[in-house]
Amino acid sequence: MALKTNSADSRTRSSIQIFVVVGLCCFFYILGAWQRSGFGKADNLAMEITKNTVDCNLTPSLNFETHHGGEIGTINDSESKPKVFKPCKPRYTDYTPCQDQKRAMTFPRENMIYRERHCPQEEEKLHCLIPAPKGYVTPFPWPKSRDYVPYANAPYKSLTVEKAIQNWVQYEGNVFRFPGGGTQFPQGADKYIDQLASVIPIANGTVRTALDTGCGVASWGAYLWSRNVIAMSFAPRDSHEAQVQFALERGVPAVIGVLGTIKMPYPSRAFDMAHCSRCLIPWGADDGMYLKEVDRVLRPGGYWVLSGPPINWKNNYKAWQRPKEELQEEQRKIEEVAKLLCWDKKYEKGEMAIWQKRVNAESCPGRQDDSKVTFCKNADPNDVWYKKMEGCITSYPDVGSQDEVAGGEVKAFPERLFAVPPRVSSGSVPGVSVETYQEDNNKWKKHVNAYRKINKLIDSGRYRNIMDMNAGLGGFAAAIESPKLWVMNVVPTIAKKGTLGVIYERGLIGIYHDWCEAFSTYPRTYDLIHANGVFSLYKDKCNIEDILLEMDRILRPEGAIIFRDEVDVLIKVRKIVGGMRWDTKMVDHEDGPLVPEKILVAVKQYWVGNSTSSE
């Protein structure tokens, strides 16, 4: 809908254009002290700004409070006031719209269909703010968060009982402690990873991106971090209570997900390593359909790790309390599918086996003539959003020689972060050349430097879990990259360019998603959200209000959002969030006030369930 303008609009826009970076210095000076002082139990941010008298050379005519939701001129004065969104009822504290348990139980159980994404219809959507639980606090900074999570943030003790002897998680006073154990690594994740590293080149940066299927509380991914490997972990909603929620509270990348009937929301040739530690996935079922899906997302030359049943069933069937004939058949099927996929078995010891995918089709002679091999006919192996999983094998890209890595060889990390990705150098992404890729990198380095001046907390460790809602080529994540943080790079399904494969080739992680639906995560799981051009992209596609409410759901109390968009779009956004318990400030583009693209910075106020105010 077109925005109406009048002379008041013109004056307001002129005032918006004089916002400069220094105009936020008081705002974030106080915010920094506020967020560091006591895990979020603080006074209202606006009140603090009024009380404090730090000299930041603010322009006297600018008043933070006067710029809440008053920029859009309308004929009807009543419409100038923002709609106020009320808190949802406390029972929605951990609401995950597309994995709602009550809705899930109406779907078939075979092939885990009921645990897949099933989003609410328009009339079922909540139009309220998801409350934090009473006592909610800001998580511990990394690396302490790897080992400790405040009990109030995820008050669920079932895993401390169910997995007590496996060292998953322990309850100690007002915190959960994560000793780094797991069902398959009783000596700890570090010892387990040492075993992997004796076969897989983890230490030299060759392996950077990993996929953990059925991740539990994601201790494998948490301990890989110190080895410069970033894992995309997933597990079903409440297969074990709050496992993905615990992972994200720990500061470990994770999403709610399951291998069922729908393809995984990742591009082909994305991961350097994939892993299953007693993840209960029937790998040999349906002619190995799930293994074929892992093969699709695994880079040529990548590794697949399976630990637990049925590996080494001869020595373990009694301990597992399963018939040895059943386990024997299970392993036979896995070995048969791995052979069809042309994976080489590199290691089997104890309860662990490791396979390596061949680097190209030329190194797999005879497979083309195997009657059991069916290749996928779909021309685009990256077209996966709500697409049914197929029992076919994804073809390798063509190569010129037997030694060439299909799709191109990536550099070792961290060099690959800014090296030209093979998909760019080969021209596989229409409209993206080597020159435009390098220009994009330079642009985002400039943008992120401006963000750092606006918000001094970006490099402080305050923000661990970061999301880029419209990631493009991953320039924002690359420019902000640090051991203190990670970025979930989201490529919208309606984006004009399919760039998620490029993001993975840079050694970053991400996911496909449609922002007209809820994201597959628990509430309060991101500290900082970057929204570049999101609302221009989704104009007329779905309700802007729904997207903003979803952003509020996944953002932590006292978390921040950086919007970058055309000024008219941001004015509309700012009016809506004026009723959402967010504090906002508009800032000019770093190239000056004449650039129509602006930056809107928002901070979500601290409040919990049954609160009547943000105090």
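All figures in this text were calculated on a predicted structure; none of them were measured in a lab.

Peer 1: Looking at this structure, how should I read the overall build of the protein?
Peer 2: When helices and strands are counted, the protein shows 19 helices and 17 strands. Counting across all 615 residues of the protein, residues that qualify as buried make up 58%. The contacts in the protein between residues at least 6 apart in sequence include a share of 71% that link residues at least 24 apart.

Peer 1: I'm lost on the environment of Asn441 in this one. Help?
Peer 2: Among the secondary structure elements, Asn441 is positioned in helix H14 (residues 434-454). It is 7.6 Å that separates the C-alpha atoms of Asn441 and Ala479, two residues lying 38 residues apart in sequence.

Peer 1: Is there a simple way to think about the pairing of strand S11 (residues 465-468) in this case?
Peer 2: Along a regular strand, successive side chains alternate from one face of the sheet to the other. Going residue by residue along S11, you find Asn465 and Met467 tucked away on one face and Ile466 and Asp468 tucked away on the opposite face as well. Where S11 lies against strand S12 (residues 486-492), 4 bridges are found, and the strand directions are parallel. Bridge pairing in S12 links Ile466 to Val487. Handedness of the crossover is the feature at issue here: the chain leaves S11, passes through helix H15 (residues 475-480), returns alongside S12, and the resulting connection is right-handed. Here S11 runs beside strand S14 (residues 526-532); their pairing, made up of 3 bridges, is parallel. Residue Ile466 lies in a different strand from S14, and its bridge partner there is Leu528.

Peer 1: Looking at this model, I keep getting lost on the state of the cysteines. Mind explaining?
Peer 2: By definition, a disulfide links two cysteine residues through a covalent bond between their sulfur atoms. Within this structure, the stated rule accounts for 6 disulfides. Here Cys88 connects covalently by a disulfide to Cys128, the sulfurs 2.0 Å from one another. Of note, the bridge from Cys88 to Cys128 carries an S-S torsion of about 105° and is right-handed in sense. Placement of the pair is Cys88 in the loop between helix H3 (45-51) and helix H4 (101-104) and Cys128 in the loop between H4 and helix H5 (144-147), with a sequence separation of 40 residues. On the basis of relative accessible area, Cys88 is assigned to the buried category, the value being 6%. The partner cysteine of Cys516 in its disulfide is Cys542, sulfur to sulfur 2.3 Å. The sign of the -90° torsion about the S-S bond sets the Cys516-Cys542 disulfide as left-handed. With Cys516 in the loop between strand S13 (509-513) and S14 and Cys542 in the loop between helix H17 (534-537) and helix H18 (544-554), the pair connects residues that are 26 residues apart, well separated along the chain.

Peer 1: Is there a simple way to explain the sheet that holds S14 in this structure?
Peer 2: Sheets are built from strands paired through backbone hydrogen bonds, the pairs being either parallel or antiparallel. Strand order in the open sheet formed by 7 strands is S13-S12-S11-S14-S15-S17-S16, and the pairing between neighbours is mixed. Looking at the sheet topology across the chains shown, the edges are occupied by S13 and strand S16 (582-588). Within the sheet, the average angular offset between the axes of one strand and its neighbour, ignoring direction, is 20°. As judged from the 6 bridges shared by S14 and strand S15 (residues 555-566), these two strands associate in the parallel manner. Each residue of the ladder has a partner; that of Tyr526, found in S15, is Leu555. Against the sheet, H18 engages S11, S14, S15, S16 and strand S17 (597-604), with an angle of about 145° to S15.

Peer 1: It is not clear to me how the confidence of the model for the protein should be interpreted in this structure. Could you clarify?
Peer 2: Fine structural detail should not be taken from predicted coordinates in areas where pLDDT scores are low. Averaged over the protein, the pLDDT score is 86; the fraction of residues at 70 or greater is 84%. In the predicted structure, residues 1-79 sits below a pLDDT of 50 and forms 121 contacts with residues beyond four places in sequence or in another chain.

Peer 1: Which parts of the structure should I look at to understand the nonpolar core?
Peer 2: Nonpolar side chains in soluble globular proteins generally cluster together in the buried interior. Ranked by size, the top nonpolar core spans 139 residues in total, and within it Trp220, Tyr266, Trp283, Trp304, Leu548, Met551 and Phe563 carry the most contacts. Here this core spans two domains, since at least three of its residues come from each of domain 1 (144-357) and domain 2 (415-604). When near neighbours in sequence (up to four residues on either side) are disregarded, Trp304 contacts Ala274, His275, Trp283, Leu291, Val294, Leu298, Ile334, Trp343, Ala353, Ile354 and Trp355. If you look at the next biggest cluster of nonpolar residues, it comprises 10 residues, including Ala154, Trp168, Phe178 and Phe246.

Peer 1: Looking at this model, I keep getting lost on the packing of aromatic side chains. Mind explaining?
Peer 2: A ring pair, where both rings are aromatic, is described by two values, the distance of the centres and the angle of the planes. One pass over the full model with this rule turns up 21 aromatic pairs. Centre to centre, the rings of Tyr151 and Phe176 are 5.5 Å apart; their planes meet at 50°, and the pair counts as tilted. Taken together, the residues Tyr151 in the loop between strand S1 (148-150) and helix H6 (158-162) and Phe176 in strand S3 (residues 175-177) connect sequence positions 25 residues apart. With a relative accessible area of 24%, Tyr151 lands in the partly exposed category. Site record: aromatic cluster; members linked through ring pairs are Tyr151, Tyr171, Phe176, Phe178 and Phe246. The cationic tip of Arg208 hangs over the ring face of Phe413; the distance from NZ or CZ to the ring centre is 3.7 Å.

Peer 1: Looking at this structure, how should I read the side chain of Asp565?
Peer 2: Within the secondary structure layout, Asp565 lies in strand S15. Among the polar contacts made by the side chain of Asp565, one reaches the main-chain amide nitrogen of Phe535 at a distance of 3.5 Å. If sequence neighbours within four positions are ignored, Asp565 has contacts with Gly533, Val534, Phe535, Ser536, Leu570, Pro596, Glu597 and Lys598.

Peer 1: How should I be thinking about the pairing of S15 in this particular structure?
Peer 2: The buried fraction of S15 is high, at 11 of 12 residues. Looking at chain direction, S15 and S17 are connected through 7 bridges and run antiparallel. Directly across from Asp565, in S17, lies its bridge partner Lys598.

Peer 1: I keep staring at the pattern of salt bridges and nothing clicks. Help me out?
Peer 2: Side chains carrying opposite charge are able to pair once their charged atoms draw close together. A complete count under the given rule lists 36 salt bridges for this structure. The salt bridge partner of Arg103 is Glu124, with a shortest N-O separation of 3.8 Å. Taken together, the residues Arg103 in helix H4 and Glu124 in the loop between H4 and H5 connect sequence positions 21 residues apart. Look at Arg103 and you get buried, because its relative accessible area is 13%. Arg556 is paired through a salt bridge with Asp527; the nearest N and O atoms lie 2.8 Å apart. Pair noted here: Arg556 is in strand S15 and Asp527 is in strand S14, with a separation of 29 residues, a long-range link.

Procedures and definitions
Residues numbered from 1 in each chain as written. Predicted model: local features only at pLDDT ≥ 70, side-chain atom pairs only at ≥ 80, totals over all residues. Heavy atoms only, no water. Helix = DSSP H or I, 4+ residues; strand = E, 2+ residues; numbered from the N terminus. Buried < 20%, exposed > 50% of the residue type's maximum accessible area, 1.4 Å probe, protein only. Contact = heavy atoms within 4.5 Å. Pairing = 2+ DSSP bridges. Right-handed = clockwise from strand over helix to strand, strands pointing away. Disulfide = S-S within 2.5 Å. Axes fitted to C-alpha atoms, helices over the stretch in contact; angles between N-to-C directions. pLDDT = per-residue confidence, 0-100. Core = buried A, V, L, I, M, F, W, Y, C linked by side-chain atoms within 4.5 Å. Domains from an automatic or database assignment. Phe/Tyr/Trp six-rings, centres within 6.5 Å; stacked < 30°, edge-to-face > 60°. Lys NZ or Arg CZ within 6 Å of the ring centre and 35° of its normal. Polar contact = N/O pair within 3.5 Å; in protein donor to acceptor, adjacent residues only side chain to side chain. Salt bridge = Lys/Arg side-chain N within 4 Å of Asp/Glu carboxyl O.

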